[in-house]
Amino acid sequence: MRNNDNIGHWPARRIDRRTFLLAAGTAFASAYVSRADEPTETSLRQRAEKKGLVFGTQVNAGPLFSLKPYQDAVLRDASMIVPENEMKWRPTQSTALQSNYFNADRIAKFAKDNKLLLRGHTAVWHQNPPAWTKDIITGDDGQKLVLEHASDLIKHFRERVMEWDVVNEAIAPEDGMPDNLRNWAPYNKGGIDFIVDCFYAAREADPKANLYYNDYSVYYQSQSHRRDAILGFLEKLKTKGAPVDGFGIQSHLIAKAEFDEVIYRRFLSEVADLGLKIRATELDVSDIRLELDIKLRDTIVAAHTKQYLDVLFDEPAVVGLVTWGITDRFSWLHQGWPRKDRLRQRCLPLDDNFAKKPMWYAIANAFEHAPSR
Ligand code: G3I
C-alpha cells in the first residue's frame, strides 16, 4: 500500500462527541474489563479458534528476539505470524550473489518451536526488488528474474510456510494499463499470464502451501473502482487456471472513512463465489483523521474495527484475521502516515506498553459474535 494512497480522499464526517460516546459506550460497555481480570481473560487466539477462525499478527524480528513483553504478547494472542519485512526480496537478497534468510529463518523457527502457523509475505511485489535488479527487471529477462526469485524464496521455506502472499498489490486502475494491472515492467510485458505463471511457480515450489493474491483499498464506499478491478482480475486468474486459493484483504483501515456494510458484504460474497478463501491480512486502523483526545481516538478506532470485523466474519469464506502488528509501539503508520500533530497513532490492539486497548476488546467481541465455521 502506498503511503498516501487515498488518504484525505473521503469526506471527514464530523460526529458529535457526546452522541458518539453514548453510542459507542453502549456497544462497548461489556467489552471494557478491569485490569485485574486480565490474566484470566480468554486470548484472541482462543476466541478465534472457538469459531473455527485464526487470529494472527505480523511480527518484526528486531523486537521479537530482543523484547520479552513483545514476544509474550505475540505468544499470548496469536496462533499465526507473518514477518513484516524479513521475507521480502530487498532484505533477503541485497546482492545478486547470495540470499540471506537469517531473520526470516529465525522467525520460521520461532513459529515451529511455538506451534504457530506461518504466513509468507511476499514473493512478487513491485515495491520491493533490491537495487541491483533495477535494469534487469526492465529488460528482456525481467519476468524470468522475478519468477526465479519467487520460486527460490518459496522453495527455501517449503513446508514451513502454510500460506503465501504470492503476488502483492498488482492492481492499480489509476495507472491506465490493460486489465488494470500496475505499470510495472514484468506486468507490462507479460500481462495477467505472467501473474498466472507466478502462481504456477509458487505451486511447484511448495505444493502444500495455500497461495494468495493480496491487495488493499477495497473497503470503503469511494473504492468501487478498485473493488471492480480486483474482482475482474481474480475472475481472470481463475478462468486462466491459476492455482490461487485465496484473496488477502490487507485491511489498512482509516477511522472515520465511509464504510458501507451492504457494499462490503456484496464484495466479499462475490470474491467467495469465485471459490476463493478470504483472509484479512494486515489490519490496522489509522487515527490520522481523529482529534487529540486519546480516549476518544481509542473508542472510535475500536468502533470502526468492530463494525468492519462483524461484516467480515459474517462471510463464510473468511478464514481469519491477521493484524499488521500487535502493539502501537511498532507500526509502519508512524512513518508511513504520520499525524499532522506528530502524535503517535493508536492503531493496533495493544498500546506502546503492551496494555490492551479498546481495539483489542473490539476484536475479541467480533470473534465472540462471529458465526462458527
Ligand atoms: O532496514 C533498512 C535500514 O537498513 C535503513 O537504514 C532504513 C532507512 O530508511 O530503512 C530500513 O528499511 C525499511 C524497512 O521498512 C525496515 O524497517 C524501509 O526503509 C521501509 O520502507 C520498510 O517499510 C516497510 C514497507 O512495507 C516497505 O517494505 C514497512 O516496515 C512495512 O510495514 C510495510 O508493509 C507493507 C506490506 O508489506 C504490504 N502492504 C502494505 C504494508 C504497509 O505499507
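1. Examining the confidence of the model for the protein
Here comes step 1: On average, residues of the protein carry a pLDDT of 91, and 89% of them reach 70 or more.
Here comes step 2: Note on residues 1-37: pLDDT under 50 across the span, and 68 contacts to partners over four residues away in sequence or across chains.

2. A closer look at the packing of aromatic side chains
Here comes step 1: A complete count under the given rule lists 21 aromatic pairs for this structure.
Here comes step 2: Measuring from centroid to centroid gives 6.4 Å for W89 and W132, while their planes differ by 90°, and the two rings are edge-to-face. Here the residue W89 occupies a position in helix α5 (residues 89-92), and W132 occupies one in the loop between β3 (117-125) and α7 (134-138), the gap between them amounting to 43 residues.
Here comes step 3: A residue is classified by how much of its surface remains accessible, and W89, at 4% relative accessible area, is buried.

3. Here we look at the site of the ligand
Here comes step 1: By nearness alone, 15 residues border the ligand, and E84, N85, K88, H121 and E282 come closest of all.
Here comes step 2: In the model, an oxygen atom of the ligand is placed 3.4 Å from a nitrogen or oxygen of the N128 side chain.
Here comes step 3: In the complex, the protein chains occlude 49% of the 780 Å² of accessible area that the ligand would expose alone.
Here comes step 4: Residues of the shell around the ligand, tallied by class, amount to four nonpolar, seven polar and four charged.

4. Observations concerning the pattern of salt bridges
Here comes step 1: One pass over the structure, following the stated rule, counts 26 salt bridges.
Here comes step 2: Ionic pairing is found between K240 and D193, a salt bridge with its closest N-O pair at 2.9 Å. Of this pair, K240 sits in the loop between α10 (224-239) and β6 (246-249) while D193 sits in helix α9 (residues 185-205), and the two are 47 residues apart along the sequence.
Here comes step 3: Residue class for K240 comes out partly exposed when judged on its relative accessible area of 39%.
Here comes step 4: By relative accessible area, D193 is classed as partly exposed at 42%.

5. Describing helix α12 (residues 294-314)
Here comes step 1: An ideal rise of 1.5 Å per residue puts 30 Å on 21 residues; α12 measures up with 30 Å between its terminal C-alpha atoms.
Here comes step 2: Among the 21 residues that make up α12, 16 are buried, leaving the element largely enclosed by the rest of the structure.
Here comes step 3: With a side-chain oxygen positioned 3.2 Å from the backbone nitrogen of K295, the residue opening α12 is D293.

6. Points about the side chain of H149
Here comes step 1: Of note, H149 is situated in helix α8 (residues 142-156).
Here comes step 2: Owing to a relative accessible area of 5%, H149 belongs among the buried residues under this scheme.
Here comes step 3: Beyond its immediate sequence surroundings of up to four residues, H149 is in contact with W89, T92, Q93 and A123.

7. Digging into the environment of T42
Here comes step 1: In this fold, T42 is placed in the loop between α1 (17-28) and α2 (44-50).
Here comes step 2: T42 sits 34 residues away from R76 along the chain, and the two C-alpha atoms are 9.5 Å apart.
Here comes step 3: Apart from residues no more than four positions distant in its own chain, T42 is found in contact with R47 and W360.

8. Considerations on unusual backbone geometry
Here comes step 1: That bond from H121 to T122 is cis: its omega, -5°, falls within 30 degrees of zero.
Here comes step 2: When you line up the elements, T122 lands in strand β3.
Here comes step 3: Not every positive phi belongs to a glycine, and E159 is a case in point at roughly 60°.
Here comes step 4: Examined against the element boundaries, E159 turns out to sit in the loop between α8 and β4 (163-168).
Here comes step 5: Here E159 falls in the exposed class, since its relative accessible area comes to 54%.

9. Focus on the pairing of strand β5 (residues 210-215)
Here comes step 1: In terms of residue burial, β5 counts as a mostly covered element, since five of its six residues are buried.
Here comes step 2: The sheet contact formed by β4 and β5 spans five bridges and is parallel. Along β5, the bridge assignment pairs N168 with N214.
Here comes step 3: Following the chain from β4 across α9 to the adjacent parallel β5, one finds a crossover that is right-handed.

10. Structural notes on the side chain of K51
Here comes step 1: Tracing the chain through its elements places K51 in the loop between α2 and β1 (54-59).
Here comes step 2: Although K51 is buried, it makes no salt bridge; E368 carries the closest opposite charge, 5.5 Å away.
Here comes step 3: Within the structure, K51 has its side chain in polar contact with the backbone oxygen of A370 (distance 2.9 Å).

11. A few points about the packing of α8 against α9
Here comes step 1: For the pair α8 and α9, interaxial distance at closest approach is 9 Å and the crossing angle is 20°. In terms of orientation, α8 lies roughly parallel with respect to α9. Classified by chirality, the crossing of α9 by α8 is right-handed. On α9, the residues touching Q143, V146, L147, S151, I154 and K155 of α8 are P186, K189, G190, F194, D197, C198, A201, A202 and A205.
Here comes step 2: Here the contact of α8 with α9 is built from residues that sort into nine nonpolar, three polar and three charged.

Thresholds, definitions, all that
Residues numbered from 1 in each chain as written. Predicted model: local features only at pLDDT ≥ 70, side-chain atom pairs only at ≥ 80, totals over all residues. Heavy atoms only, no water. pLDDT = per-residue confidence, 0-100. Contact = heavy atoms within 4.5 Å. Phe/Tyr/Trp six-rings, centres within 6.5 Å; stacked < 30°, edge-to-face > 60°. Helix = DSSP H or I, 4+ residues; strand = E, 2+ residues; numbered from the N terminus. Buried < 20%, exposed > 50% of the residue type's maximum accessible area, 1.4 Å probe, protein only. Near = heavy atom within 4 Å. Polar contact = N/O pair within 3.5 Å; in protein donor to acceptor, adjacent residues only side chain to side chain. Areas by Shrake-Rupley, 256 points an atom, 1.4 Å probe, with all protein chains shown as cover. Nonpolar A, V, L, I, M, F, W, Y, C, P; charged D, E, K, R; others polar. Salt bridge = Lys/Arg side-chain N within 4 Å of Asp/Glu carboxyl O. Expected span 1.5 Å × (residues − 1). Pairing = 2+ DSSP bridges. Right-handed = clockwise from strand over helix to strand, strands pointing away. Lys, Arg positive; Asp, Glu negative; His and termini not counted. Axes fitted to C-alpha atoms, helices over the stretch in contact; angles between N-to-C directions. Parallel < 35°, antiparallel > 145°, perpendicular 65-115°, else oblique. Left-handed = near helix turned anticlockwise from the far one by under 90°.

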